[in-house]
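Given next are the chains, with one letter for each unit.
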Amino acid sequence: MDGLDALRAKVLEAVSSAKDEAALEELRVATVGKKGEVSLKMRELGRMTPEERQVAGPALNALKDEVNAALAAKKAGLADAALNERLQTEWLDVTLPARSRRAGTIHPISQVSDEVTALFADLGFAVAEGPQVESDWYNFDALNIPSHHPARGEMDTFYMSREDGDERPPHVLRTHTSPVQIRSMLAQGAPLRVICPGRVYRADYDQTHTPMFHQVEGLAIDRDISMANLKWVLEEFVKAFFEVDDVELRFRASHFPFTEPSAEVDIRCSWEGGQLKIGEGDDWLEILGSGMVHPKVLEAGGIDPTEWQGFAFGMGIDRIAMLKYGIPDLRAFFDSDLRWLRHYGFAALDQPNLYAGLSR
Ligand code: DAH
């Protein structure tokens, strides 16, 4: 039969160069499909003499089988190649960590609270806590701030509302951590050594004030306690907290209703080139209020002032965090901006302790 060899060569070449399964299917239809080239040749068998047919029949059948086999082999090859390509591009490294390494950081306030707690724990102070919604007795009266005392007005207090007709004084969002002094005295009696870190609230908002901020209160009650003990404790604290060998503290006479005498404490520092250095220079930085616990406050806490004395202090945690870590705007502490948190935040495993160094 004429042209069989040429047809065979042409079809096998087309099969081997087919790009994908669709091209292969097109080729199958065009050759061994009902109206394909090979099938049309088979139809010609009917018009042949028996002798011709005896030769052409087996040759055409062989060609048809050969083409079908080539199509099947090529199809399997293309499917393998497609699978391989998918395996390459959809490759997944199951050993990769599920989260990126710095998914979260410790907020500077948490870090500094932990630092302060570690330092005072080393000096024998336990941590005490109280509620953030506080009664006006704990927040004011018990601390020698009676109603109509001007200090109540100065504190920009948030009052909780009472139901109509309820004449009792409203609760407040505590304006300082000092009420925890009273709670600790009532719960534990004397002698007593506690610090009380926590959230406090005042209606105020600018670069250095936010309506919610953090304080830490300190209270030590014992026999024969004096301002000298207060001074030593604060010096130890400031040196360790700011990680300097020497500091100078200045006690400035002041007034707080809950202490007598009262002092505001400044530390010697310099601001050369905008960089704060603690312990040297000609500037003073106010860091806390303090004093000897007022006898009326001891009494409110159920402690006999003729037998016991104590010192107390209150310090802004946000403020000392800003100073230690060079953070310029207090409001950014509470913006939850991830870029800020990644920049100023601490690694989760950097637990402050006195042996490793506080801020490392
Ligand atoms: N409670 C004061 C405030 O919020 C801070 C303070 C001053 C606390 C003197 C004290 C203290 O314990 O002795 O401004």
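The coordinates are above.
Residues numbered from 1 in each chain as written. Predicted model: local features only at pLDDT ≥ 70, side-chain atom pairs only at ≥ 80, totals over all residues. Heavy atoms only, no water.

Trainee: How do you make sense of unusual backbone geometry when you look at a structure like this?
Mentor: Negative phi values dominate among residues other than glycine, just as trans dominates among peptide bonds. Between Ala190 and the following residue, Pro191, the backbone shows a cis peptide bond with an omega angle of -5°. The topology assignment puts Pro191 in the loop between α8 (179-188) and β4 (192-201). Its identity is not glycine, yet Asp156 carries a phi of approximately 50°, on the positive side. Within the fold, Asp156 resides in the loop between α7 (150-154) and β3 (172-173). Positive phi, normally seen in glycine, also occurs at Asp224, with a value near 60°. Along the chain, Asp224 falls in the loop between β5 (212-222) and α9 (227-242). (Helix = DSSP H or I, 4+ residues; strand = E, 2+ residues; numbered from the N terminus.)

Trainee: Teacher, can you tell me more about the side chain of Thr175 here?
Mentor: Here Thr175 lies in the loop between β3 and α8. Overall, Thr175 belongs to the buried group, its relative accessible area being 0%. Within the local environment of Thr175, its side chain forms a polar contact with the side chain of Asn139, the two groups lying 2.9 Å apart. Discounting residues that sit within four places of it in the chain, Thr175 has contacts with Asn139, Phe140, Met155, Thr157, Val200, Tyr201 and Arg202. (Buried < 20%, exposed > 50% of the residue type's maximum accessible area, 1.4 Å probe, protein only. Polar contact = N/O pair within 3.5 Å; in protein donor to acceptor, adjacent residues only side chain to side chain. Contact = heavy atoms within 4.5 Å.)

Trainee: So what exactly am I meant to see when it comes to the site of the ligand here?
Mentor: Around the ligand lies a shell of 15 residues, among which His176, Ser178, Arg202, Gln215 and Glu217 are the nearest. Interatomic distance of 2.8 Å between a side-chain N/O atom of Arg202 and an oxygen atom of the ligand. Within the side chain of Glu217, an N or O atom sits 2.5 Å from an oxygen atom of the ligand. Protein contacts shield 90% of the accessible area of the ligand, which totals 360 Å² for the unbound molecule. Within the residue set of the shell around the ligand, elements represented by two or more residues are β5, β9 (283-293) and β10 (309-316). (Near = heavy atom within 4 Å. Areas by Shrake-Rupley, 256 points an atom, 1.4 Å probe, with all protein chains shown as cover.)

Trainee: Help me understand the packing of aromatic side chains, please; the structure alone is not making it clear to me.
Mentor: The way to describe two aromatic rings as a pair is by their centre distance and the angle between their planes. Taken as a whole, this structure holds 11 aromatic pairs when the rule is applied. Ring geometry for Phe241 versus Phe242: centroids 4.9 Å apart, planes at 85°, classification edge-to-face. Its relative accessible area of 0% is what places Phe241 among the buried residues. Note on Phe333 and Phe334: the rings are 6.0 Å apart at their centroids and 40° apart in plane angle, and the pair reads as tilted. For Phe334, a relative accessible area of 29% translates into the label partly exposed. A network of ring pairs unites the aromatic residues Phe120, Phe125, Phe237, Phe241, Phe242 and Phe313 as a single cluster. Directly above the aromatic system of Tyr138 lies the positively charged group of Arg183, at a separation of 3.9 Å from the ring centroid. In this arrangement the basic side chain of Arg223 is found over the ring face of Trp308, its NZ or CZ atom lying 4.1 Å from the centre. (Phe/Tyr/Trp six-rings, centres within 6.5 Å; stacked < 30°, edge-to-face > 60°. Lys NZ or Arg CZ within 6 Å of the ring centre and 35° of its normal.)

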